[in-house]
Amino acid sequence: METRKKDGTWPSAQLHVMNNNMSEEDEDFKGQPGICGLTNLGNTCFMNSALQCLSNVPQLTEYFLNNCYLEELNFRNPLGMKGEIAEAYADLVKQAWSGHHRSIVPHVFKNKVGHFASQFLGYQQHDSQELLSFLLDGLHEDLNRVKKKEYVELCDAAGRPDQEVAQEAWQNHKRRNDSVIVDTFHGLFKSTLVCPDCGNVSVTFDPFCYLSVPLPISHKRVLEVFFIPMDPRRKPEQHRLVVPKKGKISDLCVALSKHTGISPERMMVADVFSHRFYKLYQLEEPLSSILDRDDIFVYEVSGRIEAIEGSREDIVVPVYLRERTPARDYNNSYYGLMLFGHPLLVSVPRDRFTWEGLYNVLMYRLSRYVTKPNSDDEDDGDEKEDDEEDKDDVPGPSTGGSLRDPEPEQAGPSSGVTNRCPFLLDNCLGTSQWPPRRRRKQLFTLQTVNSNGTSDRTTSPEEVHAQPYIAIDWEPEMKKRYYDEVEAEGYVKHDCVGYVMKKAPVRLQECIELFTTVETLEKENPWYCPSCKQHQLATKKLDLWMLPEILIIHLKRFSYTKFSREKLDTLVEFPIRDLDFSEFVIQPQNESNPELYKYDLIAVSNHYGGMRDGHYTTFACNKDSGQWHYFDDNSVSPVNENQIESKAAYVLFYQRQDVARRLLSPAGSSGAPASPACSSPPSSEFMDVN
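Keep in mind the model is a prediction, meaning the values are calculated, not measured.

## Remarks on the pattern of salt bridges
At step 1: Inspection of every chain in the model, using the stated rule, returns 29 salt bridges.
At step 2: Of the charged contacts, one joins E300 and R266 as a salt bridge, the two residues approaching to 3.4 Å between their closest N and O atoms. With E300 in strand β10 (residues 296-300) and R266 in the loop between α9 (249-260) and β8 (267-273), this residue pair connects regions lying 34 residues apart in the sequence.
At step 3: Taking the relative accessible area as the measure of exposure, E300 reaches 10% and is therefore buried.
At step 4: One salt bridge in this structure joins E487 and R368, with 3.0 Å as the shortest N-O distance. Here R368 lies in the loop between α10 (355-365) and α11 (383-391) and E487 lies in helix α15 (residues 485-488), a separation of 119 residues in the sequence.
At step 5: Judged by relative accessible area, which is 23%, E487 ranks as partly exposed.
At step 6: Three or more residues joined by partner-sharing salt bridges are found here, namely E72, R145, K174, D178 and D183.

## Things to note about the packing of aromatic side chains
At step 1: Scanning the model with the defined rule gives 25 aromatic pairs in all.
At step 2: Summarising the aromatic geometry, the rings of F226 and F297 are spaced 5.4 Å apart at their centres and angled 25° between planes, so their arrangement reads as stacked. Of this pair, F226 sits in strand β6 (residues 220-228) while F297 sits in strand β10; the two residues are 71 residues apart in sequence, bridging distant segments of the chain.
At step 3: Summarising the aromatic geometry, the rings of Y616 and Y650 are spaced 6.4 Å apart at their centres and angled 50° between planes, so their arrangement reads as tilted. Highlighted residues: Y616 in strand β29 (residues 614-621) and Y650 in strand β32 (residues 649-656), separated in sequence by 34 residues.
At step 4: Classification of Y650 as buried rests on a relative accessible area of 2%.
At step 5: Between K110 and the ring centre of Y123, over which it is positioned, the NZ or CZ distance is 4.7 Å.

## Some details on the side chain of S289
At step 1: For S289, the location among the structural elements is in the loop between β9 (276-280) and β10.
At step 2: Residue S289 is classed as buried on the basis of its relative accessible area, which comes to 18%.
At step 3: For S289, the side chain forms a polar contact with the main-chain oxygen of P286, separated by 2.7 Å.

## Let's talk about the packing of helix α3 (residues 58-65) against helix α4 (residues 84-96)
At step 1: The interhelical angle for the contact between α3 and α4, taken along N-to-C directions, is 100°, at an axis separation of 9 Å. When the axes of α3 and α4 are compared, the pair comes out roughly perpendicular. Contact residues: α3 offers L60, T61, F64 and L65, while α4 offers A86, Y89, A90, V93 and K94.
At step 2: Each residue belonging to the contact of α3 with α4 can be placed in one class, and the counts come to seven nonpolar, one polar and one charged.

## Observations concerning the pairing of strand β13 (residues 337-348)
At step 1: Of all 12 residues in β13, 10 are buried; the element is thus mostly enclosed.
At step 2: Note that strand β12 (residues 314-324) and β13 share nine bridges and pair antiparallel. The residue of β13 that forms the bridge with I315 is V348.

## Notes on the side chain of N48
At step 1: Structurally, N48 can be placed in helix α2 (residues 45-55).
At step 2: Residue classification places N48 among the buried residues on the basis of a relative accessible area of 2%.
At step 3: Within the structure, N48 has its side chain in polar contact with the side chain of D633 (distance 3.0 Å).
At step 4: When neighbours within four sequence positions are excluded, N48 is seen to be in contact with L38, T39, N40, P106 and D633.

## Notes on the nonpolar core
At step 1: In terms of nonpolar packing, the biggest core is built from 52 residues, with L54, F64, Y89, F185 and F653 touching the most fellow members.
At step 2: Residue contacts for F653: discarding those within four places in its chain leaves C53, L54, V57, L132, I550, L551, I552, D600, L601, I602 and A603.
At step 3: Grouped together as the second largest cluster of nonpolar side chains are 37 residues, L211, L508, V604 and L652 included.

## So, the sheet that holds β8
At step 1: Spatially, six strands are ordered β9-β8-β10-β6-β7-β17 in an open sheet, and the strand pairing comes out mixed. A strand with exactly one partner marks an edge of an open sheet, and here the two such strands are β9 and β17 (492-493).
At step 2: Packed onto the sheet, α9 meets β6, β7 (237-244), β8 and β10 and runs at close to 130° relative to β7.

## Some remarks on unusual backbone geometry
At step 1: Here the phi dihedral of K82 falls at roughly 60°; this positive angle occurs in a residue that is not glycine.
At step 2: Structurally, K82 is set in the loop between α3 and α4.
At step 3: Relative accessible area serves as the criterion here: at 55%, K82 is assigned to the exposed category.
At step 4: With a phi close to 55°, D633 is a non-glycine residue in the positive phi region.

## Quick look at the pairing of strand β31 (residues 635-638)
At step 1: In terms of strand pairing, strand β30 (residues 628-632) meets β31 through four bridges, oriented antiparallel. The residue of β31 that forms the bridge with D632 is S635.
At step 2: Connecting the antiparallel pair β30 and β31 is a turn made up of two residues, with D633 showing a positive phi of about 55°.

The rules behind these values
- Residues numbered from 1 in each chain as written.
- Predicted model: local features only at pLDDT ≥ 70, side-chain atom pairs only at ≥ 80, totals over all residues.
- Heavy atoms only, no water.
- Salt bridge = Lys/Arg side-chain N within 4 Å of Asp/Glu carboxyl O.
- Helix = DSSP H or I, 4+ residues; strand = E, 2+ residues; numbered from the N terminus.
- Buried < 20%, exposed > 50% of the residue type's maximum accessible area, 1.4 Å probe, protein only.
- Phe/Tyr/Trp six-rings, centres within 6.5 Å; stacked < 30°, edge-to-face > 60°.
- Lys NZ or Arg CZ within 6 Å of the ring centre and 35° of its normal.
- Polar contact = N/O pair within 3.5 Å; in protein donor to acceptor, adjacent residues only side chain to side chain.
- Axes fitted to C-alpha atoms, helices over the stretch in contact; angles between N-to-C directions.
- Parallel < 35°, antiparallel > 145°, perpendicular 65-115°, else oblique.
- Contact = heavy atoms within 4.5 Å.
- Nonpolar A, V, L, I, M, F, W, Y, C, P; charged D, E, K, R; others polar.
- Pairing = 2+ DSSP bridges.
- Core = buried A, V, L, I, M, F, W, Y, C linked by side-chain atoms within 4.5 Å.

Next comes the structure, spelled out in structure tokens:
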């Protein structure tokens, strides 16, 4: 954000003045041309990184330093930017390679980019590869030698030889696009589409400016879960599971079964959030719906939540823990109750499916951290109450201590032996709250609630007919006396928690192989088959036909899915020298000149950080000295070659070896620039950027 000063001027205008002053101050400074930093104007490290990479492309920089661009500026191109981007970039290159500046302020260039590409206006963080794509396209159109583009009809191969079709496609491309950018960065793809229905094959040849190669993505993911056994003596267990990324909840249960010995059929998976069940998962649901930040609990059960009439299976009851808070003047009862602890899924036998039976089952399940009252605490009552209870098999709901008006009395069993349980808990238990009458001291009361843990179950029609949840309501004094919070929160770590899934490094060649692998088009991007006359999910294969002088390889580190976005921090091993593309180029090769397919690295754009924030830097090899440097905004330091390869590598710039040899010859340059492969000075002088 930029704030206007009191005198009415803007800080950005002052930066331009600083740029001019810097030029005057640095007139006496004499340094290595090209070893010049770029000031960060505010989240512009992405722009600085892209500019430093492009600035260290030898033939492009020589093109601007020798003013060759002046004769080729295209001011009338409707697709261009009236030559302004080319002029702004030329001015920047001349300053950086003058040798008179330690760093410069790219304020004018930033304004030009923002003027012609509104997405780069302001000072938000952006992607260096996106800016690089815009800049190469802008420079191409500003320097296009074709002043008037003719209409060219794209032709399919139609069974003709590849050599003929490729030559025709490249000539058609050059009839409309002819610039130093095309000469330096453009290559040719072969694209093959096959219709799955009729088998029609479509072959086209398309130009490219850079390769966006995917990284091999692991088909496994690691999930941390808590396993809650039915045995109350056992503490919850933390497990770290390796599961398939595109698997189902059932795969998670199978993986956990290998650790616990419990059958997957006896497991229920839940997402617990804020002391309640945020979601109860079905076995067929995809694992992609579970995010890494979710708290996943897996409960051992011996029945089902959906009670089936006539079935003898246990019924699984969701149970919440609540504590009564000091009385407040609210109409709704649940405002006086606070959820705490972890919820439970409790298996209740059908013959014990009464309020008293449920109380006893819960006392058993909570026995590890809930102390039973001793005989001195019990209130035995009197014989009169016993006689009255024997006569009255239909106890009414408790009104004493209730924070809400009870529901109308319904006939309900006093024991689970003489009465058959219907399907839903409300019908089975008769009342919404228990105990109805006290013969001995009860530690807590039970009440039916909705899935949010509140007592109001009539908010929606769906809730009325759904299986109700049960809340265990504690009085503060009783909870303090009988409930051990430390023990309740205790858990043990399984041996698997120490497991860390190592990400094996991948070779750059593997990424290129993946790029040229046959793939099926997605539903959102079908292909219109001219034979079938309809859109088809065809198979597509890309092959490399002709490679450019400078090959830009963009590593697709940012992954986007329906449920998540992530940055892949896989280490990609890329060679500094002799990257051989001969196995990937399908055009008949010139075996007498292998340099046409071998490349040396000249620059790397790095991205550190995650999806929402990060920092861009650059490694680049100086075309004159052959020395590698690390560019971090306005800071520049020499580095060793062994520091270049890292998990941060994002965009790679490779120079074809025959071009490097041509530039080294006396005819190619007035000086004698060293090869990027030349040796580095002693390591003691270098900064460790890793």
